[in-house]
Amino acid sequence: PDSHSVELLVAEGGRPVGTMRLSQRLTLSGHKIVETSITRDAMRRFELRQRSEYDERGRPVRMFRAMSYTGTSERYQITAEFWDATAHVTVDRGAKREVRQIPAPAESTIENASELWFLARKPKANEVVRAATFDLARVAWVVTEVRFMGDFPKTIGNRATLGHKVESQIGGLKVCTELDDE
């Protein structure tokens, strides 16, 4: 299985305040696993862990997010499992638990083939995917459009390589991402 990971420095006002680690990999069954962790050391230590799994067609299988502050009992955890285009969500805030079923918007697909771009296959230039994606931060489905803009030459350090530009509209938020093959 193919695997990619990166570690980034989190800065605020130009000074380092934490780290972010992101990894994604394909399983032998063709599922994609994305794991993210963010640690922020500011006035008090904040930790976020997130894991998402998508099937071989880009449909969500399971998502998990946990947030905590060191030195307190303050915790937040959300788990979403997906079947029949419905998110089955459990939210734990300290001692309080909430369980909900949130159906995807009617007339939409939850199959997001862009989740597998560059891991399972490379998209064609200007290829577009439209899908309803589940946003753990909003605890809601959002309309998402992802477009592969194409390749461009890029230099990393002293090495010339090929970059891949992807533009996304995620629930009204525009995101531009530049990727390489590593």
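This is a predicted model, so every value here is computed, not measured. (Residues numbered from 1 in each chain as written. Predicted model: local features only at pLDDT ≥ 70, side-chain atom pairs only at ≥ 80, totals over all residues. Heavy atoms only, no water.)

A. Local environment of the overall build of the protein chain. Secondary structure assignment for the protein chain yields 0 helices and 12 strands. When its helices and strands are written in sequence order, the protein chain yields β-β-β-β-β-β-β-β-β-β-β-β. The C-alpha radius of gyration of the protein chain comes to 18 Å, within 12% of the 16 Å expected for a compact globule of 182 residues. When its C-alpha atoms are laid out on the principal axes, the protein chain stretches across 50 × 45 × 35 Å. Burial status across the protein chain gives 36% buried among its 182 residues. Long-range pairs, those at least 24 residues apart, make up 29% of the contacts in the protein chain between residues at least 6 apart in sequence. When the accessible surface of the protein chain is summed, it comes to about 11000 Å², and 50% of that surface belongs to carbon and sulfur atoms. Mean positive and mean negative side-chain charge positions of the protein chain (28 and 26 charges, respectively) differ by 4 Å. (Helix = DSSP H or I, 4+ residues; strand = E, 2+ residues; numbered from the N terminus. Rg over C-alpha atoms; globule rule 2.2 N^0.38 Å. Buried < 20%, exposed > 50% of the residue type's maximum accessible area, 1.4 Å probe, protein only. Contact = heavy atoms within 4.5 Å. Areas by Shrake-Rupley, 256 points an atom, 1.4 Å probe, with all protein chains shown as cover. Lys, Arg positive; Asp, Glu negative; His and termini not counted. Charge placed at Lys NZ, Arg CZ, Asp CG, Glu CD.)

B. Structural detail: the pairing of strand 10 (residues 140–156). Inspection of the sheet shows strand 9 (residues 128–135) paired to strand 10 by 8 bridges, in the antiparallel sense. Across the sheet, residue Ala131 finds its bridge partner in strand 10, namely Thr144. Count of turn residues in the strand 10/strand 11 (residues 159–170) antiparallel hairpin: 2 residues, of which Gly157 carries a positive phi of about 65°. (Pairing = 2+ DSSP bridges.)

C. Focus on the pattern of salt bridges. Inspection of every chain in the model, using the stated rule, returns 18 salt bridges. Among the ionic pairs, Arg21 bridges to Glu7, the shortest N-O distance being 3.3 Å. In this pair, Arg21 is assigned in strand 2 (residues 15–26) and Glu7 in strand 1 (residues 3–12), connecting sequence segments 14 residues apart. By relative accessible area, Arg21 is classed as partly exposed at 38%. Within the structure, one salt-bridge network assembled from shared partners comprises Asp41, Arg45 and Glu47. (Salt bridge = Lys/Arg side-chain N within 4 Å of Asp/Glu carboxyl O.)

D. Inspection of unusual backbone geometry at higher detail. Look at Ala85: it is not a glycine, yet its phi comes out positive at around 55°. As for its placement among the helices and strands, Ala85 is situated in the loop between strand 6 (75–83) and strand 7 (86–93). Residue Val139 is not a glycine yet carries a positive backbone phi of 50°. Mapped onto the secondary structure, Val139 falls in the loop between strand 9 and strand 10.

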